[in-house]
Amino acid sequence: MKKSTLITLGLATSVSASAGYYWANTKLFNATLVGHKKSVSVHDTDTSCLTQPTIDASIWFKKAPKKAVELKTFDGLTLKGDIIVHKECQKWIILAHGYKSTKVSMYISAQNFFEQGYNILVFDQRSHGNSDGKYIGMGWLEQNDLMDWIQYIQDIHSDAKIALYGVSMGAATVMNTTGNNLPENVVCAIEDCGFTSVGEILLSQMKKKYGSDFKALLVGFQALCKRKLGYDIFKASSVDQLKKSKTPTLFIHGTKDTYVPFEMVYHNYEACSAKKELLVVPDAGHALALLDDSYFKVIHSFLKKYM
């Protein structure tokens, strides 16, 4: 075979491999970070046990004296949510939901907090529910949105005491936010089953699903994320943000979490430079710790220290 033919075949093979690599990265990126308007089951935890409690909380929410609210984000999106307020109450809890979920998933906690005397704000994160956005920021872009919601409450009540509460990706949102220069109004934070960084949760999920973390594939994914979302998935780290935190934080995680590895809670907890507490819930799956009797008892004990 002529040398020129071999070169041509080599180039064709190289182009084909490059095209395949780009295709695989694009497919992974779109499957992971393109937003969904409907709630989607994305982890192995059987959440059927939450069906009736969520229905009950949704009935409560529908009847509650809520007010629809919205804001514009730093990149021009419109986020939508609801507030429910007690008269002459300055204590607020902002609730941030998880990946490919909506504010509806927060209604159980919202009802509990409201009935304990707190004003609440629930909202659909970017690219979820009724909020705008094409791409999910995995808690990294969303920290900027949460900063805006904090400002929204400050504009309503300048002397408000604000607690941040998030679950899964919402917990990452909360942890990332605590690493920013927060106003004194933000007095504490609660994170439930949040991950350590965008890159590490992706590696963990790929290894779980495919038997390998495919680090080489994530190089291309990382490049796409930088180009389209403007951040590095491995520098999008809750651990690094928590090292700068001055916000007292309660860390919660179930030992049977198969979506966000249980050991991640220790990495986050140890990194936190602020006052901190840890609640480990035995045998709880992902985002199911709230079914344990200790869950809200510990949370309310924590809140009373700062609110």
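Parameters and conventions
- Residues numbered from 1 in each chain as written.
- Predicted model: local features only at pLDDT ≥ 70, side-chain atom pairs only at ≥ 80, totals over all residues.
- Heavy atoms only, no water.
- Phe/Tyr/Trp six-rings, centres within 6.5 Å; stacked < 30°, edge-to-face > 60°.
- Helix = DSSP H or I, 4+ residues; strand = E, 2+ residues; numbered from the N terminus.
- Buried < 20%, exposed > 50% of the residue type's maximum accessible area, 1.4 Å probe, protein only.
- Lys NZ or Arg CZ within 6 Å of the ring centre and 35° of its normal.
- Core = buried A, V, L, I, M, F, W, Y, C linked by side-chain atoms within 4.5 Å.
- Contact = heavy atoms within 4.5 Å.
- Expected span 1.5 Å × (residues − 1).
- Arc of directions from axis to C-beta.
- Salt bridge = Lys/Arg side-chain N within 4 Å of Asp/Glu carboxyl O.

1. Here's the deal with the packing of aromatic side chains
Part 1 of the reasoning: Using the criterion set out here, one finds 13 aromatic pairs in the structure.
Part 2 of the reasoning: Geometrically, the ring pair formed by Phe61 and Tyr107 is stacked, given 4.0 Å between the ring centres and 15 degrees between the ring planes. With Phe61 in helix α2 (residues 51-63) and Tyr107 in helix α3 (residues 107-115), this residue pair connects regions lying 46 residues apart in the sequence.
Part 3 of the reasoning: Since its relative accessible area comes to 5%, Phe61 is described here as buried.
Part 4 of the reasoning: Feature note: the residues Trp60, Phe61, Tyr107 and Phe114 constitute an aromatic cluster, connected by ring pairs.
Part 5 of the reasoning: Positioned above the aromatic ring of Phe61 is the side chain of Lys66, whose terminal nitrogen or guanidinium carbon lies 5.1 Å from the ring centre.
Part 6 of the reasoning: Over the aromatic face of Tyr269 sits the side chain of Lys276, whose NZ or CZ is 4.8 Å from the ring centroid.

2. A look at the nonpolar core
Part 1 of the reasoning: Leu95, Phe113, Tyr165, Ile252, Ile299 and Leu303 are the most contacted members of the largest nonpolar core, which has 38 residues in total.
Part 2 of the reasoning: Among residues more than four places away in sequence, those in contact with Ile299 are Phe113, Tyr165, Ile190, Leu250 and Ile252.
Part 3 of the reasoning: Core analysis: the next-biggest nonpolar cluster, separate from the first, contains 29 residues, Tyr135, Leu141, Met169 and Leu203 among them.

3. Some points on the side chain of Thr196
Part 1 of the reasoning: Considering the arrangement of structural elements, one finds Thr196 in the loop between β6 (186-192) and α6 (198-210).
Part 2 of the reasoning: Leave out the neighbours within four places in its chain, and Thr196 touches Ser237, Ser238, Val239, Met264, His267 and Asn268.

4. With respect to helix α10 (residues 294-306)
Part 1 of the reasoning: Relative to the 18 Å expected for 13 residues at 1.5 Å per residue, α10 spans 19 Å between its end C-alpha atoms, a close match to the ideal helical length.
Part 2 of the reasoning: Every buried residue of α10 is listed here: Tyr295, Phe296, Ile299, His300, Phe302 and Leu303. Here the buried residues of α10 occupy an arc of 160 degrees about the axis, which is enough to place them on one side. In α10, the exposed residues that point more than 90 degrees away from the buried face are Lys297 and Lys304.
Part 3 of the reasoning: Those residues of α10 that are buried lie in contact with β3 (91-96), α3, β5 (161-167), β6, β7 (249-254) and β8 (276-281).

5. Quick word on the pattern of salt bridges
Part 1 of the reasoning: Enumeration according to the criterion identifies 7 salt bridges in this entry.
Part 2 of the reasoning: Residue Asp75 pairs with Arg126 through a salt bridge whose shortest N-O separation is 2.9 Å. Residue Asp75 is found in the loop between β1 (66-72) and β2 (78-84), and its partner Arg126 is found in the loop between β4 (119-123) and α4 (142-156); the two are separated by 51 residues along the sequence.
Part 3 of the reasoning: Lys256 is the salt-bridge partner of Asp283, the closest N and O atoms lying 3.2 Å from each other.

Everything listed is a geometric property; what it means functionally is a separate question.
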